[in-house]
Amino acid sequence: MTQKRDSFSNKFGVIAAAAGSAIGLGNIWRFPYVLGENGGGAFLLIYLFFIIAIGVPVMLSELLIGRKAQRSVFGAFKVLAPKLKFFKVVGVMGVSAAFLILSFYAVVAGWTVEYTILAAANQLVDKTPEQLTDMFSDFSSSVGRPILYLVVFMAMTAGIVIGGVKNGIEKYTKVLMPILFVIILVLCVNAVLLDGAVEGLSFLFQPDFSKINGNVVLEALGQAFFSLSIGMGIIATYGSYIQKKENLLNTAISVSIADTLIAVLAGVAIFPAVFAFGIEPDAGPGLVFVTLPNIFNQMFGGYVFAVAFFILLLIAALTSSVSLLEVVVAYITEEIHLNRKKATWLAAALVTGLGVFCVIYPVLFDSFDYVTSNFMLPISGILISVFVGWIIGKQQTKEELEEHGGKVKVIGVLIVILKIFAPIAIALVFMKNLGLLDLFNR
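Sequence order as written defines residue numbering, which begins from 1 separately in each chain. Given that this is a predicted model, residues contribute local features only at a pLDDT of at least 70 and side-chain atom pairs are listed and counted only at 80 or more, while totals for whole chains, interfaces and linings are drawn from all residues. Each side-chain value is worked out from all heavy atoms of the structure, with water and hydrogens disregarded.

Caption draft 1: Seen up close, the packing of aromatic side chains. Classification of ring pairs rests on two measures: the distance between centres of Phe, Tyr or Trp rings, Trp counted by its six-membered ring, which must be within 6.5 Å, and the angle between planes, read as stacked under 30 degrees, edge-to-face over 60 and tilted in between. Inspection of the entire model under this criterion finds 25 aromatic pairs. With a centroid separation of 5.1 Å and an interplanar angle of 45 degrees, the aromatic rings of Phe 203 and Phe 275 are classed as tilted. Placement of Phe 203 in helix 9 (residues 197-205) and of Phe 275 in helix 12 (residues 248-276) is noted, with a sequence separation of 72 residues between them. Of the two residues, Phe 203 and Phe 275, neither departs from the other in class, the shared state being buried. Ring geometry for Phe 357 versus Tyr 361: centroids 6.3 Å apart, planes at 15 degrees, classification stacked. Feature note: the residues Trp 111, Tyr 115, Phe 136, Phe 139, Phe 289, Phe 296, Phe 309 and Phe 310 constitute an aromatic cluster, connected by ring pairs. The rule for a charge over a ring is simple: NZ of Lys or CZ of Arg within 6 Å of the ring centre, and within 35 degrees of the ring normal. Above the ring of Trp 390, the side-chain terminus of Lys 419 is found at 4.6 Å from the ring centroid. Under the scheme used here, helices are H or I runs from DSSP no shorter than 4 residues and strands are E runs no shorter than 2 residues, and both carry numbers assigned from the N terminus. Three labels apply to residues, based on accessible area from a 1.4 Å probe with only protein chains included: buried if under 20% of the type maximum, exposed if over 50%, partly exposed otherwise in between.

Shown next, in the form of structure tokens:
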């Protein structure tokens, strides 16, 4: 007898889990900076266009593949197209990408555990910018504490995943995502009330069309693709847990809106403060772990806002890591036939072990990031688009989307996007990331 597949209980559970997977550390620091450096409001308009035109259709394709097959990303293509063995590479890359990404992502997430503890213990106060820089450099380049917090963070992640879809992932993301939203709103209100906040808001939202060129357009396209967790196997795996009564198109749109909203709000929370205190914006860990603690030191109520901010980072990291680990756990339970408890601890142990090597050998960290971002994810995205557009086709797509969700009037447009425009767009991002487009500019 086939065991009944676990599933999300309602639409909010689906959106909370899927949005949690998309909203990660990159939304909090990278998106606002990229937005500001590439034309502000003008970049945002281009980004929103690509979210609607490319991001939503490809995300919808992953959801459709997962739900139609009722299998994880690895098994879905074996069910839907058993004779087209080539497409199994999507499942292999999905599981492999999730495994590799989580191994280095959990290292950075471990840093948020350290800094949440430091902020709560009031250990970030009375430090000069130079001292904060040295503190972060010493910590991130050491071995002992980063490994400790890597283990702690992975234990937290496994503790959620082990509960299953409904009683683990859905239960916790339904709580964590509203908390994340409330914290970021509080930080936004505080930021816009600072003297000089207008300059930071202008940095983000004032359209500067003079900065818009081909490279900026491709940057917006790449951000739209990568910010939605497309190509990692997450969305397809989560799609397999969605009940037939749920409207997949509405789900894809809702997740995309939530992801974009949080990314923009992060910019509102961060950059008015950066400009109010006369600090040049800087991307990456330096902004999060050095610049912002320096700002909190100068801010009234800085202790409270520092603790809130690092809790925000920790929640964002945790909801993303849960989705990544679930991809690997789903593969182990379905293909190796271990029960969820054993599969979760095995997957968590393997990821943690590889994460330890990323701490000890930073070149692994960079290599995994490069391979997954520049090869696995875009190739998976292209193949997923082609599979739904050309293999599943209009009729089966229409049936799956309309079975309980009512008429969908954009099926024809969706299929054209998936057949032609999405593969071409993602291929351009692929070529840009590899520097191949630079050859045409010489």
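More follows now that the structure is in view.
Caption draft 2: Molecular detail of unusual backbone geometry. Here Asn 122, not a glycine, exhibits a phi torsion of approximately 60 degrees, which is positive. Mapped onto the elements of the fold, Asn 122 is located in the loop between helix 5 (88-120) and helix 6 (129-141). In this structure Asn 122 comes out as partly exposed when scored by relative accessible area, which is 36%. Non-glycine residue Asp 126 carries a positive phi angle of around 55 degrees. Structurally, the position occupied by Asp 126 is in the loop between helix 5 and helix 6. Looking at Asp 126, the relative accessible area reads 74%, which means it is exposed.

Caption draft 3: Region of interest: the packing of helix 1 (residues 11-22) against helix 8 (residues 165-192). At their nearest, the axes of helix 1 and helix 8 sit 8 Å apart, and the two run at 70 degrees to each other. For the element pair helix 1 / helix 8, the angle class is roughly perpendicular. Together, Phe 12, Gly 13, Ala 16, Ala 17, Ala 19 and Gly 20 of helix 1 and Ile 169, Glu 170, Thr 173, Lys 174, Met 177 and Pro 178 of helix 8 make up the contact between the two elements. Polar here means any residue other than Ala, Val, Leu, Ile, Met, Phe, Trp, Tyr, Cys and Pro, which are nonpolar, and Asp, Glu, Lys and Arg, which are charged; Gly is therefore polar. In the contact of helix 1 with helix 8, the residues fall into 7 nonpolar, 3 polar and 2 charged. For helices, the axis comes from a line fit to the C-alpha atoms of the stretch in contact; other axes are also lines fit to C-alpha atoms, and the angle between any two N-to-C directions lies between 0 and 180 degrees. Should an angle fall under 35 degrees it is called roughly parallel, over 145 degrees roughly antiparallel, and 65 to 115 degrees roughly perpendicular, with every other angle called oblique. Residues count as neighbours in contact if any of their non-hydrogen atoms are within 4.5 Å of one another.

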